[in-house]
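# What the coordinates show
Listed here are the chains, written in short residue letters.
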Amino acid sequence: MPAGGAYARSRPDRGGEMTVHDHAQRRGPTIALVSADGRVAAAVSTLAGALRSLVVDGVAVVEPTADAAVPPGAAGTLLAPWPNRVDGALWVHEGATQRLEVTEPGLGHALHGLLLARELEVVAATDSGVELRARLGGERGYPFAIEVTVRYALRDDGVDVTITARNRGSGRAPFAAGSHPYLRVGDVPVDELSVQVDADTELLLDDRYVPIDRRPVAGTASDLRSGAPVPEAPRHAAFAMTGSARPLRHALEAPDGTRVELHADPAFRFTWIYLAEALDTDQGPRRALAIEPMSAPANALRTGEGLAWIEPGSQWSAGFSIRLVQASRAR
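These numbers were taken from a predicted model, which means no experiment stands behind them. (Residues numbered from 1 in each chain as written. Predicted model: local features only at pLDDT ≥ 70, side-chain atom pairs only at ≥ 80, totals over all residues. Heavy atoms only, no water.)

## A word on the confidence of the model for the chain
Fine structural detail should not be taken from predicted coordinates in areas where pLDDT scores are low. When pLDDT is averaged across the chain, the result is 92; 91% of the residues are at 70 or more. In this model, residues 1-26 is a region of pLDDT below 50 whose contacts with residues beyond four sequence positions or in other chains number 78 contacts. (pLDDT = per-residue confidence, 0-100. Contact = heavy atoms within 4.5 Å.)

Spelled out as structure tokens, the structure:
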């Protein structure tokens, strides 16, 4: 750890997910999905390819934000071609400084990629699934021709999400992706839940939410592998799984044992958690916890960590799922 041991878990007055600069001021079309038996329903917006609601057997498993013109706090959005922050909105590619648009004005960073204000195109849709696409090319600070698709497919206990990136350009391109769901276990207040994060390492953050060091979580208050009450967990923290590559499982659990789980492919070995004090949901402001699967950590365009370098004509793909586990089936 750097001298002074400085890192931030909670900075409610500076930065954070709620300071995202909103480019879009309109609501994109919303696609309603429902399973054949009616037990699972979801809403997906073309704006940012966001999952705006998900209900299983009458239980809300993500915070509903379908009524908002812009996903509040980036709720449910697709994060690409990088998740989280690029420090100072600057990075270097082949000796040339790339200047991204500053989208986190309070800290001067480029936050959560290039799709937050983008209307994605509907490629295919059924009653229980939808695939959306965005084509990147010529954006300021990211000179690569990448086609990004996200596919939502309902399952018996929730939804499967698959993110794919195809390089349509002539040179290899750096890419990373993530998602920003605020998980929920029905009407149980978040402070009555426990949170589980499948990670063996914490990325220590400076006061601008940029990783500066790392440490094993074992023996610290940031060890959430077996779960901890949300009020006792870090409010704003970054994690990684550094052991052997395997699928990950994160969760929120209610006192009665009902769980909402996020299962992630090994590619999503980085995880960010963020506790919003007053997320503007369809039911009014709520404290809400985001568990964000990411294929690279914050500042990846500058450090290179976790980036996929996609060759021309090739693609990268990975997925995760959000699932409800009823108390009778939990554990």
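## As for the side chain of threonine 103
Mapped onto the elements, threonine 103 comes out in the loop between β8 (96-99) and β9 (110-111). Among the polar contacts listed, one links the side chain of threonine 103 to the backbone nitrogen of leucine 111, at a separation of 2.8 Å. (Helix = DSSP H or I, 4+ residues; strand = E, 2+ residues; numbered from the N terminus. Polar contact = N/O pair within 3.5 Å; in protein donor to acceptor, adjacent residues only side chain to side chain.)

## Describing the pairing of strand β25 (residues 284-294)
Among the eleven residues in β25, nine count as buried, and that is most of the element. Sheet topology places strand β16 (residues 182-183) next to β25; two bridges connect them, and they run antiparallel. Bridge pairing in β25 places leucine 183 opposite leucine 289. As defined by bridge partners, strand β24 (residues 270-281) adjoins β25 across ten bridges and the pair is classed as antiparallel. In the sheet register, leucine 279 faces β25, and the bridge partner there is arginine 286. The hairpin formed by β24 and β25 contains two residues between the paired strands. (Buried < 20%, exposed > 50% of the residue type's maximum accessible area, 1.4 Å probe, protein only. Pairing = 2+ DSSP bridges.)

## Re the sheet that holds strand β23 (residues 259-264)
Across the sheet, which stays open at both edges, the nine strands sit in the order β10-β11-β12-β13-β27-β23-β22-β17-β20 with antiparallel pairing between neighbours. Both outer strands of the open sheet, β10 (121-126) and β20 (228-229), are each paired with one neighbouring strand and no more. Where strand β17 (residues 194-196) and strand β22 (residues 248-253) come together, three bridges link them in antiparallel fashion. Paired with valine 195 across the two strands is leucine 252, which belongs to β22.

## Examining the pattern of salt bridges
Under the definition given, this model contains 26 salt bridges. The salt bridge involving arginine 133 is made with glutamate 121; its shortest N-O contact spans 3.1 Å. You can see arginine 133 sitting in strand β11 (residues 129-136) and its partner glutamate 121 sitting in strand β10, a full twelve residues away along the chain. Accessibility expressed as a relative area gives 38% for glutamate 121, which makes it partly exposed. A salt bridge links glutamate 253 to arginine 259, with the nearest nitrogen and oxygen atoms 2.6 Å apart. One salt-bridge network, in which partners are shared between bridges, spans Glu121, Arg133, Arg135, Glu147, Arg166 and Arg168. (Salt bridge = Lys/Arg side-chain N within 4 Å of Asp/Glu carboxyl O.)

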